[in-house]
Amino acid sequence: MESFADRLSVVQGQIIDAAARAGRDPGEITLIAVSKTHSPEAVRDAMDAGHFLFGESRVQEARAKIPEVSSRAHWHFIGHLQKNKIRHALPLFELLHSVDSAELAADIDRVAGEAGVHPRVLLEVNVAGEGSKFGFSPAKLRADLEQLLALDRLQIEGLMAIPPVAAEAEHSRKYFVALRELRDRLQEEFRLPLPQLSMGMSGDFPIAIEEGATLVRVGTALFGTRRGKTWKPASGEFGGDD
Ligand SMILES: *Cc1c(COP(=O)(O)O)cnc(C)c1O
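Since we're looking at a predicted model, the values are computed, not measured.

Below, the discussion takes up the packing of aromatic side chains. All chains considered together, the criterion is met by three aromatic pairs. Between Phe 54 and Trp 75, the ring centres sit 5.3 Å apart and the planes meet at 40 degrees, which makes this aromatic pair tilted. Here Trp 75 lies in strand 3 (residues 74–77) and Phe 54 lies in strand 2 (residues 53–56), a separation of 21 residues in the sequence. For Phe 54, a relative accessible area of 0% gives the class buried.

Set out below in structure tokens:
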């Protein structure tokens, strides 16, 4: 069976090649290994292969998993964050990719104030206008940005998007371009730096890199399929819905 190390070197090679095609420095691109549904052992294997940055999309799962893994691991949150999970999420994650509404941003700001922290965040944009998806529409983001910038606990570093599932990776390109162009317009209009673009998953991360991604969130290409997988701690302590 292929090891994590084998798959990591393939993905790293694809990152280098995509950066070269775009004339970018591959050092500008950060790979997040999305470990949701995978066990702490799988994360430890990844660390043995030299990878230390992971992404999780459920707070309950992460709260159980992170203590089982060495503190040398770093964690980003990439899922929909529920209001009642903010307090637990803040100490676990170095970057929240998925601030998807002005209400959530205000709640995070308030909880961060109480906790005395300044969380790093990205704003999630619903680039394709899908009714089923979380995230700001581009127009709403522009309308809300002034108010978001006034939340002085939040360090807003950029934008994130999850384009529609596509049969072909090329179909995602227009959404990656749209996110980059939105970022460029907001930077200019509001005169602020938004350096981070979190876009691209296993099926399309090379194209996202060609279009400016600085953070790619790759699960399946590193850990293998999640089909039929869930990971829960042995004790029921963290049981519950999220
Ligand atoms: C699960 C997930 C990923 C990783 O998806 P793969 O296709 O397995 O690489 C990336 N981003 C988000 C937000 C996810 O939920």
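Next comes the rest of the account.
Sheet analysis places strand 2 next to strand 3, joined by four bridges and oriented parallel. In the strand pairing of strand 3, Glu 56 is matched with Phe 77. Read as a crossover between parallel neighbours, the route from strand 2 over helix 3 (residues 59–65) to strand 3 is right-handed. Summarising the sheet, strand 3 and strand 4 (residues 95–99) pair through two bridges and their orientation is parallel. In the sheet register, Phe 77 faces strand 4, and the bridge partner there is Leu 96. For the crossover that starts at strand 3, traverses helix 4 (residues 86–92) and ends in the parallel strand 4, the hand is right-handed.

Before going further, it helps to examine the site of the ligand. Surrounding the ligand, one finds Val 34, Lys 36, Ile 78, Ile 162, Met 201, Ser 202, Arg 217, Val 218, Gly 219, Thr 220 and Arg 226. Within the side chain of Lys 36, one N or O atom sits 2.6 Å away from an oxygen atom of the ligand. Interatomic distance of 2.7 Å between a side-chain N/O atom of Arg 226 and an oxygen atom of the ligand. When isolated, the ligand has an accessible area of 390 Å², and the protein chains bury 88% of it.

On to the environment of Phe 52, then. Assignment of secondary structure puts Phe 52 in the loop between helix 2 (40–48) and strand 2. Its relative accessible area of 24% is what places Phe 52 among the partly exposed residues. Taking C-alpha positions, Phe 52 is 19 Å from Ile 16, a pair spaced 36 residues apart along the chain. Ignoring anything within four residues of it in the chain, the contact list for Phe 52 reads Met 47, Arg 72, Ala 73 and His 74.

Ranked by internal contacts, the top residues of the largest apolar core, which has 66 residues, are Leu 141 and Leu 148. Not counting the four nearest positions on each side in its chain, Leu 141 is found in contact with Leu 123, Val 125, Phe 136, Leu 148, Leu 159, Leu 182 and Leu 186. By size, the runner-up hydrophobic cluster in this structure holds six residues, among which are Leu 53, Leu 95, Leu 122 and Met 160.

Below, the discussion takes up the pairing of strand 5 (residues 120–124). Summarising burial for strand 5: four of the five residues are buried, a large majority. Crossover connection from strand 4 via helix 5 (residues 102–115) to parallel strand 5: handedness right-handed. Pairing between strand 5 and strand 6 (residues 155–160): five bridges, direction parallel. Directly across from Leu 123, in strand 6, lies its bridge partner Leu 159. Read from strand 5 through helix 6 (residues 138–149) to strand 6, the crossover connection turns out right-handed.

Further remarks concern helix 7 (residues 173–190). Counted at 1.5 Å a residue, the expected span for helix 7 with its 18 residues is 26 Å, and the 26 Å between its end C-alpha atoms agrees. Of the residues making up helix 7, those classed as buried are Tyr 175, Phe 176, Val 177, Leu 179, Leu 182, Arg 183, Leu 186 and Phe 190. Positive backbone phi, at 50 degrees, marks Arg 191, one or two positions downstream of helix 7.

Below, the discussion takes up helix 6. Relative to the 16 Å expected for 12 residues at 1.5 Å per residue, helix 6 spans 16 Å between its end C-alpha atoms, a close match to the ideal helical length. Buried within helix 6 we find Leu 141, Asp 144, Leu 145 and Leu 148. Relative to the axis of helix 6, the buried residues are bounded by an arc of 145 degrees and lie together on one face. Residues of helix 6 that are exposed and angled more than 90 degrees away from the buried face: Ala 139, Ala 143 and Glu 146. Lining the buried residues of helix 6 we find helix 5, strand 5, strand 6 and helix 7.

Scoring rules and cut-offs
- Residues numbered from 1 in each chain as written.
- Predicted model: local features only at pLDDT ≥ 70, side-chain atom pairs only at ≥ 80, totals over all residues.
- Heavy atoms only, no water.
- Phe/Tyr/Trp six-rings, centres within 6.5 Å; stacked < 30°, edge-to-face > 60°.
- Helix = DSSP H or I, 4+ residues; strand = E, 2+ residues; numbered from the N terminus.
- Buried < 20%, exposed > 50% of the residue type's maximum accessible area, 1.4 Å probe, protein only.
- Pairing = 2+ DSSP bridges.
- Right-handed = clockwise from strand over helix to strand, strands pointing away.
- Near = heavy atom within 4 Å.
- Polar contact = N/O pair within 3.5 Å; in protein donor to acceptor, adjacent residues only side chain to side chain.
- Areas by Shrake-Rupley, 256 points an atom, 1.4 Å probe, with all protein chains shown as cover.
- Contact = heavy atoms within 4.5 Å.
- Core = buried A, V, L, I, M, F, W, Y, C linked by side-chain atoms within 4.5 Å.
- Expected span 1.5 Å × (residues − 1).
- Arc of directions from axis to C-beta.

Everything listed is a geometric property; what it means functionally is a separate question.
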